[in-house]
Amino acid sequence: MNADQGLFVPLILGILEGLTEFLPVSSTGHLLLAGHFFGLTQPTTFIVLIQLGAILAVITVYFAKLGMLIRDALTGKAYAWQFALSVILACFPAVIAGVLLRDFIQGDLWESASLICWTLLIGGVILLIVDRLPLKPKYDDIYQLPWHVALIIGLFQMLSLVPGVSRSGSTVVGGMLFGASKRAAAEFTFFIALPIMIGAFGYDLYKSRDLIDASIALNVAIGFAAAFVVGALVVRYLLGFVSKYGFAPFAYWRIAVGIAGLVAIYAFGQ
């Protein structure tokens, strides 16, 4: 691989991370399939570390709203503390499971391209069905989500530890099934992504600290920058897109990628 190709791979993977992290299509699944089918590979640590770019994208877009929440919490506003507890409850199951199962997930599960394709396909069908259900939303304001609904969303988020399921996809489905509107489910996903992704970034950085050298650091920096720019664009426009078109376009994309991958694996032995 020449120098240009060496810089090209983390750039493409960073763009792919930023584009898919907040869409219900599984960013990790797409990154792993890009490595399996197209040889766009980087160390496992790279995939987790470039998520920092997507984290900062959310912080940038929601800076004013996050600042208002922190201010209101410090001044004793009840809604801010209730929302903070809802976010903690939604993150708790995935944090515990992620720490306990990290080696198994990043080992056995991440290496199975067929598993990723099947979860993309099945998850796409589920997302399409839920998107078309005649649900009557009870909650259109993320600050009013009851604690038990937040915890249920957290349990759904735990499913996303399986590559291809999608963190945002699982939380959106859980939120919609238990009363959140499409827009509220998508927006709550942005907020619970912050502690989850920051925690995963810090934990994986610590666990892989001896594996990071100057060359990996450069690739992470390139992937981080690409994920930040593209992720910011996605976060800025996703809620409007979902309000207008729903989640069906993402469901069809998941189904198409899953079927294409399974055909490549079982028909052509890739």
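Since this is a predicted model, take the numbers as computed values, not measurements.

### Describing the packing of helix H5 (residues 63-74) against helix H6 (residues 78-109)
Where H5 meets H6, the closest approach of the two axes is 7 Å, and the angle between their N-to-C directions is 115°. Overall, the two elements H5 and H6 adopt an arrangement that is roughly perpendicular. As H5 runs across H6, the sense of the crossing is left-handed. Two secondary-structure elements touch here, H5 through Met-68, Leu-69, Asp-72 and Ala-73 and H6 through Tyr-79, Ala-80, Trp-81 and Phe-83. Taken together, the residues of the contact of H5 with H6 break down into 7 nonpolar, no polar and 1 charged.

### Remarks on the side chain of Ser-27
Summarising the element assignment, Ser-27 is placed in helix H2 (residues 27-38). Here Ser-27 is in contact with Glu-17, Thr-20 and Glu-21, once residues within four sequence places are set aside.

### As for the side chain of Ser-86
Examined against the element boundaries, Ser-86 turns out to sit in helix H6. A relative accessible area of 1% places Ser-86 in the buried class. Look past the residues within four positions of Ser-86 in its chain and what remains in contact with it is Leu-145, Trp-147, Ala-150 and Phe-188.

### Structural notes on the packing of helix H4 (residues 51-61) against helix H10 (residues 182-207)
Between H4 and H10, the shortest axis-to-axis distance is 10 Å and the interhelical angle comes to 145°. As H4 packs across H10, the resulting crossing turns out to be left-handed. Contacts between H4 and H10 involve Gln-51, Leu-52, Ala-54, Ile-55, Val-58 and Ile-59 on the former and, on the latter, Phe-190, Leu-194, Met-197, Ile-198 and Phe-201. Taken together, the residues that form the contact of H4 with H10 break down as 10 nonpolar, 1 polar and no charged.

### Let's talk about the layout of surface pockets
Its boundaries defined by the atoms lining it, the largest pocket holds a volume of some 690 Å³. Lining the largest pocket are 30 residues, with Gln-51, Trp-110, Leu-161, Ile-196 and Ala-200 sitting closest to its centre. Counting residues per element, the ones that place at least two in the lining of the largest pocket are H2, helix H3 (44-49), H6 and H10. Of the residues that constitute the lining of the largest pocket, the class distribution is 15 nonpolar, 11 polar and 4 charged. Surrounding the second largest pocket, 19 residues form its lining, His-30, Leu-33, Phe-38, Trp-253 and Val-257 being those nearest its centre. In the lining of the second largest pocket, the residues fall into 15 nonpolar, 4 polar and no charged.

### Quick look at empty space enclosed by the protein
Counting across every chain of the model gives 1 cavity of 30 Å³ or more. A volume near 40 Å³ is recorded for the largest cavity. Residues of the lining of the largest cavity, tallied by class, amount to 6 nonpolar, 2 polar and no charged.

### Some details on the environment of Leu-109
Structurally, Leu-109 is set in helix H6. Look at Leu-109 and you get buried, because its relative accessible area is 15%. On a C-alpha basis, the gap between Leu-109 and Pro-163 in space is 6.9 Å, while along the polypeptide they are 54 residues apart. Setting aside chain neighbours within four positions, we find Leu-109 in contact with Phe-104, Leu-115, Val-162 and Pro-163.

### Description of the pattern of salt bridges
By the definition in use, this model includes 6 salt bridges. Of the charged contacts, one joins Asp-72 and Arg-71 as a salt bridge, the two residues approaching to 3.1 Å between their closest N and O atoms. Salt bridges sharing partners connect three or more residues here, namely Arg-71, Asp-72 and Lys-77.

Rules of the game
Residues numbered from 1 in each chain as written. Predicted model: local features only at pLDDT ≥ 70, side-chain atom pairs only at ≥ 80, totals over all residues. Heavy atoms only, no water. Axes fitted to C-alpha atoms, helices over the stretch in contact; angles between N-to-C directions. Helix = DSSP H or I, 4+ residues; strand = E, 2+ residues; numbered from the N terminus. Parallel < 35°, antiparallel > 145°, perpendicular 65-115°, else oblique. Left-handed = near helix turned anticlockwise from the far one by under 90°. Contact = heavy atoms within 4.5 Å. Nonpolar A, V, L, I, M, F, W, Y, C, P; charged D, E, K, R; others polar. Buried < 20%, exposed > 50% of the residue type's maximum accessible area, 1.4 Å probe, protein only. 1 Å grid on protein atoms, 1.4 Å probe; cavity = no way out; pocket = protein on both sides within 12 Å on 5 of 7 lines; lining within 4 Å. Points joined across faces, edges and corners; volume = space filled by probe spheres on them. Salt bridge = Lys/Arg side-chain N within 4 Å of Asp/Glu carboxyl O.

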